[in-house]
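Results of the structural survey
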Amino acid sequence: MSDYSAAVSVDVLVPAFGDGGHVRETVASVLAQTDPNWRLTVVDDGVANGLDPGLGPWLTGLGDERVRYLANPERLGINRNFQRCAELSTAELVVILGADDRLLPDFVDRVRRLAEQYPAAAFLHTGARIVDEAGHPTTPLVDRVKARTSIRVRDSAEVGGERLAASLLHGNWMYFPSVVFRRAALVEHGFRPGYDIVLDLDLYLRILRGGGSAVLCERPGIEYRRHSASLSSARADDGSRFIEERAFFTEAAAELAAHGWPRAARAARWHLTSRLHVLCKLPGLLAAGNLGGARTMLRGALSTVPAGLPDGAGPGEGVHTR
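Here's what I pulled together on the structure shown here. (Residues numbered from 1 in each chain as written. Predicted model: local features only at pLDDT ≥ 70, side-chain atom pairs only at ≥ 80, totals over all residues. Heavy atoms only, no water.)

Some points on the packing of helix α6 (residues 161-170) against helix α8 (residues 199-209)
Two numbers describe how α6 lies on α8: the axes approach to 10 Å, and their chain directions differ by 165°. Considered as vectors, α6 and α8 are oriented roughly antiparallel to each other. Remark: the crossing between α6 and α8 carries left-handed chirality. In contact with Gly161, Leu164, Ala165, Leu168 and Leu169 of α6, α8 contributes Leu201, Tyr204, Leu205 and Leu208. (Axes fitted to C-alpha atoms, helices over the stretch in contact; angles between N-to-C directions. Helix = DSSP H or I, 4+ residues; strand = E, 2+ residues; numbered from the N terminus. Parallel < 35°, antiparallel > 145°, perpendicular 65-115°, else oblique. Left-handed = near helix turned anticlockwise from the far one by under 90°. Contact = heavy atoms within 4.5 Å.)

Written out as structure tokens, the structure is:
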């Protein structure tokens, strides 16, 4: 049995859904890393759904011992597949990379150096360069808003506590595939069942409430693909995303208020960028005749956490990755 895993510094896990889309580009971007201290695990949730199993033979044919392929015997869904990725990790640093995103060539080298520079940080956010379906640079409105609401740093800086929590709740500007977790923090907190769209934001907030901090980087580490086929875009078109988000923000506001972070609780209660997203989607839905989706979204945009509750209260599960 090879003892190579003991030398791996970064685990890159890709929750895939069959051999479609851009997954082979994603794999190629890992293979092209200038620092060889990585291991790639592709966890395929599509074969159990009857999709083409060709991804496995292709990966095996690469002949690289750092690459492994695992097909789920039954479909887990996005949340549980992410959780399986977390549980399969063994390296100190873990990134869960989207099956259509690409690492920039020096990603592994940079995050290893940053982890050494900031040994107490629970996770690192390298940021992203946004590309369209064809891989060309693009700057859609949602990403311009993310840029404006983000905490900007020069080179790199460690940030945590209520300041980071409140900023993320104003607009979740972290691109999840560019986040590198210390495995201990990722495994301790994990992905809560029932969250498919805001599973990333929920994880960040629980790590921050537990005392963890993040390293923010000025220079992008990945190429993040923005396209209409993503899960969050599909949910946005029928309005279900915003129902789920509101339930999540209601729960988060209550938890943050109880934690003694009133500014973050207030940001969760108002969730302004989610409302703005609704208003941006409405004209297109109305033009397409999707009145049901438009009504659902408008209700989400106009509603708030029920009055009389301290910065939000009540149970709820929500789901924010794109």
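What follows picks up the thread again.
Things to note about the pattern of salt bridges
Enumeration according to the criterion identifies 16 salt bridges in this entry. Here arginine 129 makes a salt bridge to glutamate 223, at a shortest N to O gap of 3.4 Å. Residue arginine 129 is found in strand β7 (residues 128-131), and its partner glutamate 223 is found in strand β11 (residues 222-225); the two are separated by 94 residues along the sequence. With relative accessibility at 39%, the residue arginine 129 sits in the partly exposed group. With relative accessibility at 14%, the residue glutamate 223 sits in the buried group. One network of salt bridges, in which partners are shared, links Glu25, Arg102, Arg129, Glu223 and Arg225. (Salt bridge = Lys/Arg side-chain N within 4 Å of Asp/Glu carboxyl O. Buried < 20%, exposed > 50% of the residue type's maximum accessible area, 1.4 Å probe, protein only.)

Details of unusual backbone geometry
Its identity as a non-glycine residue notwithstanding, aspartate 155 has a phi of 70°, on the positive side. Positionally, aspartate 155 belongs in the loop between α5 (141-149) and β8 (156-160).

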